[in-house]
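Listed below, chain by chain, are the residues.
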Amino acid sequence: MQTRRVYLDNNATTMVDPEVFEQMKPFYCEKYGNPNSLHKFGSETHPALRQALDQLYIGINAKDSDDIIVTSCATESNNWVIKGIYFDKIASGEKKRIVTTTVEHPAIAMTCQFLSKFGVEITFIDVNDQGVITPQQLREVMSDDVALVSVMLANNETGMIFPVKELAKIAHEYGALFHTDAVQAMGKIPVNVQDLDVDFLSFSAHKFHGPKGVGILYIKDSQPLSSLLHGGEHMGGRRSGTLDVAGIVGMAKALELANKFMAFESSHVRRLRDKLEDALLEIPDVNVIGDRKNRVPNTILASIKGVEGEAMLWDLNRAGIAASTGSACASETLQSNPILEAIGADKELAHTALRLSLSRFNTEDEIDYAIAEIKKAIARLRSISSTFAYAPQGHTSGL
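Residues numbered from 1 in each chain as written. Predicted model: local features only at pLDDT ≥ 70, side-chain atom pairs only at ≥ 80, totals over all residues. Heavy atoms only, no water.

**Student:** Can you walk me through the nonpolar core in this structure?
**Tutor:** A general tendency of soluble globular proteins is for nonpolar side chains to be buried together. Counting 88 residues, the largest nonpolar core has Ile60 and Val149 as its most contacted members. With 10 residues, helix H10 (residues 245-260) is the single largest residue contributor to this core. Each residue touching Val149, except ones within four places of it in the same chain, is listed here: Val99, Leu138, Met142, Ala171, Ala176, Leu177, Phe178 and His179. Among the nonpolar cores identified, the runner-up in size contains 30 residues, and Val269, Val307, Leu316 and Ala319 belong to it. (Core = buried A, V, L, I, M, F, W, Y, C linked by side-chain atoms within 4.5 Å. Buried < 20%, exposed > 50% of the residue type's maximum accessible area, 1.4 Å probe, protein only. Helix = DSSP H or I, 4+ residues; strand = E, 2+ residues; numbered from the N terminus. Contact = heavy atoms within 4.5 Å.)

Printed below as a string of structure tokens:
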């Protein structure tokens, strides 16, 4: 009998919306010219490119004076901001420090660590027990030697939403620029760059049912930022590389649909997420990280005592359920979950993380199946666990 397939790893990547895929198709085998070419094959891609860029501006409420630069992904965009600020502000001696948090995506954290080899001072702010930082925490580490503050809008593992608008205001008070990695917020909560008042914002299309291999860097008021890639005059000379017309068209359509379905995401997806979360919390010694009211509507990061995260994934995978123990960009290291460590969990609990992330394509039936299979997996793994040697009396979960 064929195993069911239930995808609950949407914070790692999402399926391409069929409507997005249809919009992209003509630019592979019909209108495939290089947009920079002077002949008709190139020029016939221009109307679709212009429309797509307009959609991207509208999608995040950017102004005409802002730049939206197409990149290959948010990792490139994040690297570009961090390294560009190093060349523009720190290597010149104008500023000394970059401030960020201990729970940023590796694209931020590892880039900062790389720059520390060149003498850049990196200030990492610890998160509180909810997995976020407060404006007061940022204010306590700020001074006029800070070049850049980089804080994610929503965490990729917990889904917790950071107070970016307030943080950006504090950074600006000290003359620092502010960047936010908005990858996990796009399509889940409204993202309005004018309201947030950030200087830089990055995201990838594949996190909201667009194609892989394309993302953006938003640059407020088209301000100067040294380029990361050199070699051509693409994107106004700011980012070299032949434009992926199909990818840009797909990203723009995906953003349009993500904003269209925002209310649905906030109701249908949140309801399914809460149903799954409530079922988990009925099980003894299961904890979910962060207040659900301050989380994006699709994400659960649970700690399951006595159950090794990788073992849980193995059981769920056999049942056809895709989940994770945290960021897919660090999943091959088999290390303890850094978010659980950051909020103060001991080493044992930090190895018990299970991340479940839903999308608008998940169904009630899939969630019911996932609940049943997760309970089976926990029961089996606890029965052979050396760290879970008791079952509290009187509980009703059957585990």
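**Student:** For this particular structure, what's the right way to read the sheet that holds strand S10 (residues 299-304)?
**Tutor:** What links the strands of a sheet is backbone hydrogen bonding, and the strands pair in either a parallel or an antiparallel sense. Strand order across the open sheet formed by three strands is S9-S10-S12, with antiparallel pairing between neighbours. Whereas interior strands pair on both sides, the edge strands pair on one side only; in this sheet they are strand S9 (286-288) and strand S12 (353-357). Averaged over all pairs of adjacent strands, the angle between their axes in this sheet comes to 25°, without regard to strand direction. Strands S9, S10 and S12 of the sheet are contacted by helix H11 (residues 262-281), whose axis makes an angle of about 10° with S10. (Pairing = 2+ DSSP bridges. Axes fitted to C-alpha atoms, helices over the stretch in contact; angles between N-to-C directions.)

**Student:** Honestly, helix H6 (residues 106-116) in this entry has me stumped. Any pointers?
**Tutor:** Those residues of H6 that sit buried are Ala107, Ile108, Ala109, Thr111, Cys112 and Leu115. Of the surrounding elements, those touching the buried residues of H6 are helix H5 (74-90), strand S3 (97-101), strand S4 (121-125), strand S5 (146-150) and strand S6 (177-181).

**Student:** Hey, could you run me through the environment of Thr71 in this one?
**Tutor:** In this structure, Thr71 sits in strand S2 (residues 67-71). By relative accessible area, Thr71 is classed as buried at 2%. Spatially, the C-alpha atoms of Thr71 and Ile248 are 9.5 Å apart, while their sequence positions differ by 177 residues.

**Student:** Would you take a moment to explain H10 for this structure?
**Tutor:** Residue pairs spaced three or four apart in an α-helix point in one direction, given the helix's 3.6 residues per turn. For H10, spanning 16 residues, the distance from its first C-alpha to its last is 23 Å, which sits close to the expected 22 Å at 1.5 Å a residue. A large share of H10 lies buried, amounting to 13 of its 16 residues. (Expected span 1.5 Å × (residues − 1).)

**Student:** Honestly, the packing of helix H12 (residues 309-318) against helix H15 (residues 364-383) in this entry has me stumped. Any pointers?
**Tutor:** When two helices pack together, their arrangement is given by the angle between the helix axes and by the axis-to-axis distance. Where H12 contacts H15, the two axes come as close as 10 Å, and the packing angle between them is 130°. Relative to H15, the element H12 is oriented oblique. Considering how the two elements wind past one another, H12 and H15 form a crossing that is right-handed. Mapping the contact onto sequence places Ala311, Met312, Asp315 and Leu316 in H12 and Glu373, Ile374, Ala377, Ile378, Arg380 and Leu381 in H15. In terms of residue class, the contact of H12 with H15 is built from seven nonpolar, no polar and three charged. (Parallel < 35°, antiparallel > 145°, perpendicular 65-115°, else oblique. Left-handed = near helix turned anticlockwise from the far one by under 90°. Nonpolar A, V, L, I, M, F, W, Y, C, P; charged D, E, K, R; others polar.)

**Student:** Before we go on, may I ask you to explain unusual backbone geometry in this structure?
**Tutor:** Trans is the common state for peptide bonds, and a negative phi is the common state for residues other than glycine. Residue Asp221 is not a glycine yet carries a positive backbone phi of 55°. Inspection of the secondary structure puts Asp221 in the loop between strand S8 (215-219) and H10. For Asp221, a relative accessible area of 43% gives the class partly exposed. Residue Asp285 is not a glycine yet carries a positive backbone phi of 60°.

**Student:** Mind showing me how you'd approach the sheet that holds S2 here?
**Tutor:** The sheet built from seven strands is open, its strands ordered S2-S8-S7-S6-S5-S3-S4 with mixed pairing. In this open sheet, the two strands that pair with only one neighbour each are S2 and S4. Taking each pair of neighbouring strands and ignoring which way they run, the sheet shows an average axis angle of 20°. The pairing of S3 with S4 spans five bridges and is classified as parallel. The residue of S4 that forms the bridge with Val99 is Thr123. Along the sheet, helix H8 (residues 164-173) contacts S5 and S6; its crossing angle with S6, the most-contacted strand, is approximately 155°.

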